[in-house]
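Observations on the model geometry
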Amino acid sequence: MSFAPYDGITVVSEENERVIRAIGQSKQGSLDEWLKIVRPLLVKMPTRLAVAASLAAPLIQLVGALPFVYLLWGSTGHGKTVAMMVAASVWGNPEVGGGYVQTMGSTKNATISLACFLHSLPYFGDEAKTIEAQPWFKGWDPFIYEITEGTERGRLDTDMKQRETGRHKTCFIFTGENPMTSSNSGGGTANRLIEAKCKNLFDINPEKDQQTVAKDVARAVRNCYGFLGPKYIAKVKELYAKESDEQGKNMLVKIYDDTVADLRKTGTTGKQAAAMGLLMIADDILRMCFYQSSYTGLQPKDVAPFLKSKNEVSTDVRAYNYLVNHINENLDKFYYDDDKGNHHYPSNKSWGKIENNVVQINKNVCERELERKGFYLNHSMKDTWASRGWLITASGKRYVYSGSMNGEPFSCYKIVLPQANV
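Since we're looking at a predicted model, the values are computed, not measured. Numbering of residues begins from 1 in every chain and follows the order in which that chain's sequence is written. Two thresholds apply to this predicted model, a pLDDT of at least 70 for residue-level local features and 80 or more for giving and counting side-chain atom pairs, whereas whole-chain, interface and lining totals are computed over all residues. Side-chain measures were taken over the full set of non-hydrogen atoms in the model, leaving aside hydrogen atoms and water.

Another point: the overall build of the protein chain. For helices the rule is a DSSP run of H or I covering at least 4 residues; for strands it is a run of E covering at least 2, with both sets numbered from the N terminus onward. The helix and strand inventory of the protein chain stands at 18 helices and twelve strands. Each residue is assigned to one of three classes by its accessible area relative to the maximum for its type, calculated with a 1.4 Å probe on protein chains only: buried under 20%, partly exposed between the two thresholds, exposed over 50%. By residue count, 50% of the 422 residues in the protein chain fall in the buried class. Any pair of residues with heavy atoms lying within 4.5 Å of one another is described as a contacting pair. A separation threshold of at least 6 residues defines the contact pool for the protein chain, and within that pool the share at least 24 residues apart is 71%. Note on areas: Shrake-Rupley with a 1.4 Å probe; residue coverage comes only from the protein chains shown. Carbon and sulfur atoms form 47% of the exposed surface of the protein chain, whose accessible area is close to 19900 Å².

Shown next, in the form of structure tokens:
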């Protein structure tokens, strides 16, 4: 197993030359000094998980996992960038823009190309919001999908010959002011992304304000970096080479699989558990092999707040929840009787009527309002809603009812509300 650049990988393009210098050809300080700097910072879970994500990247290929994104997000002044620098200092010079950490103003292809060059080492990108201003940017969903596919798109070189397709097995660690997921994000995006909200990451010293601590830490890791990475890789290889169990499963893989199984019991998805499992294993290697177990290991309950539930990831569930909330916000557009028996009539164009906790909503209105939020009421979603009892089927297993309202033709969906809403 090769982990660039430690195993002599020498394919270097001009655009990646700076990264090679930042990672493989420079070290400062010492491992003991780095461990001393970082230990107090691990009391803040987003920072601890950032370091773990950095260390998790080389494990992806070994255990057969998929690339993922770890996002440190929050308002300015809470230490996101410095926490990322700490995570990057595992491998090399953590300077933003001039070292290992990239400024996120490049193209999507350049991001994927560098990830393929790094292959099994993490990609660091600061200030995700700068990507949103790029003309090619079409939203976080397609961006996250493509960078986590693990392969480059086919391209031609200067001689009009097909370039060899690059591949990677790594993770992406970004900072940003806002989450990358929203209510209409695709389930695949949410699955590939772990988001950690950052607040007062360097409020750890009662004798100093957090801004001073953050500056001190940034200065420290600029002068102490690059020592843990090679020793960590050696330790990973040592663990991977240990004897397999009686079923022939590699011990490192077995520990990972057991960790993922425990995480799934929290109610999260398999892919979320798979990504967080990597972080927990990496954190354990750091804790046990380099900090001699001087602090407790992570448990599923510790990381559960950073994991999305199956309902949060499911597009079908989020679309239904959005529609219910949207109906509640627009009750003035429906016919219904209130709890006192009073008749309510629409103040403007009618969307439908509500009877016995069932909303008969105009088909075109329903589809239009969902599409405005990025949801598409396709047949698969209708099937899911029906199976959960949220959508009443018409005869012949059709989903659209035909009727009339005020003498006008009326085609509608019958949506079951989760509780009395009017």
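Let's shift gears to the side chain of Thr 268. Assignment of secondary structure puts Thr 268 in the loop between α12 (251-264) and α13 (270-289). For Thr 268, a relative accessible area of 2% corresponds to the buried category. A polar contact of 2.6 Å, which involves the side chain of Thr 268, links it to the backbone oxygen of Lys 308. In protein, a polar contact requires one atom able to donate a hydrogen and another able to accept it; more generally it is a pair of N or O atoms within 3.5 Å, and residues adjacent in sequence count only if both atoms are side-chain atoms.

Once that is clear, we can look at the pattern of salt bridges. For salt bridges, the criterion is a side-chain nitrogen of Lys or Arg within 4 Å of an Asp or Glu carboxyl oxygen. One pass over the full model with this rule turns up 15 salt bridges. Across the pair Asp 283 and Arg 48 runs a salt bridge, and its minimum N-O distance is 2.8 Å. One end of the pair, Asp 283, is in helix α13; the other, Arg 48, is in helix α3 (residues 45-56), and 235 residues separate them in sequence. Residues Asp 216 and Arg 219 are paired through a salt bridge, measuring 3.1 Å at the closest nitrogen-oxygen approach. With a gap of three residues between them, Asp 216 and Arg 219 both fall in helix α10 (residues 210-222), about one helical turn apart. Counted as one network, the salt bridges with shared partners bring together Lys 208, Asp 216 and Arg 219.

Let's shift gears to the environment of Cys 116. Along the chain, Cys 116 turns up in helix α6 (residues 108-118). Here Cys 116 falls in the buried class, since its relative accessible area comes to 10%. The sequence separation of Cys 116 and Lys 169 amounts to 53 residues, and the corresponding C-alpha distance is 7.9 Å. Those residues in contact with Cys 116, other than ones at most four positions away along the chain, are Glu 152, Gly 166, Arg 167 and His 168.

Our next topic: the packing of helix α11 (residues 228-240) against α13. Geometrically, a packed helix pair is captured by the angle between its two axes and the distance between the axes. Orientation is described by axes fitted as lines to C-alpha atoms, over the contacting stretch for helices, and by angles from 0 to 180 degrees between their N-to-C directions. Taken N-terminus to C-terminus, the directions of α11 and α13 make an angle of 105 degrees; their axes are 11 Å apart at the nearest point. Accordingly, the angle class assigned to the pair α11 and α13 is roughly perpendicular. Residue-level inspection shows Leu 228, Tyr 232, Lys 235, Val 236 and Leu 239 of α11 in contact with α13, the latter providing Ala 282, Ile 285, Leu 286 and Cys 289. Following the grouping adopted for this structure description, the nonpolar residues are Ala, Val, Leu, Ile, Met, Phe, Trp, Tyr, Cys and Pro, the charged ones are Asp, Glu, Lys and Arg, and the polar ones are all others, Gly among them. Each residue belonging to the contact of α11 with α13 can be placed in one class, and the counts come to eight nonpolar, no polar and one charged. Angles below 35 degrees are treated as roughly parallel, those above 145 as roughly antiparallel, those between 65 and 115 as roughly perpendicular, and all remaining angles as oblique.

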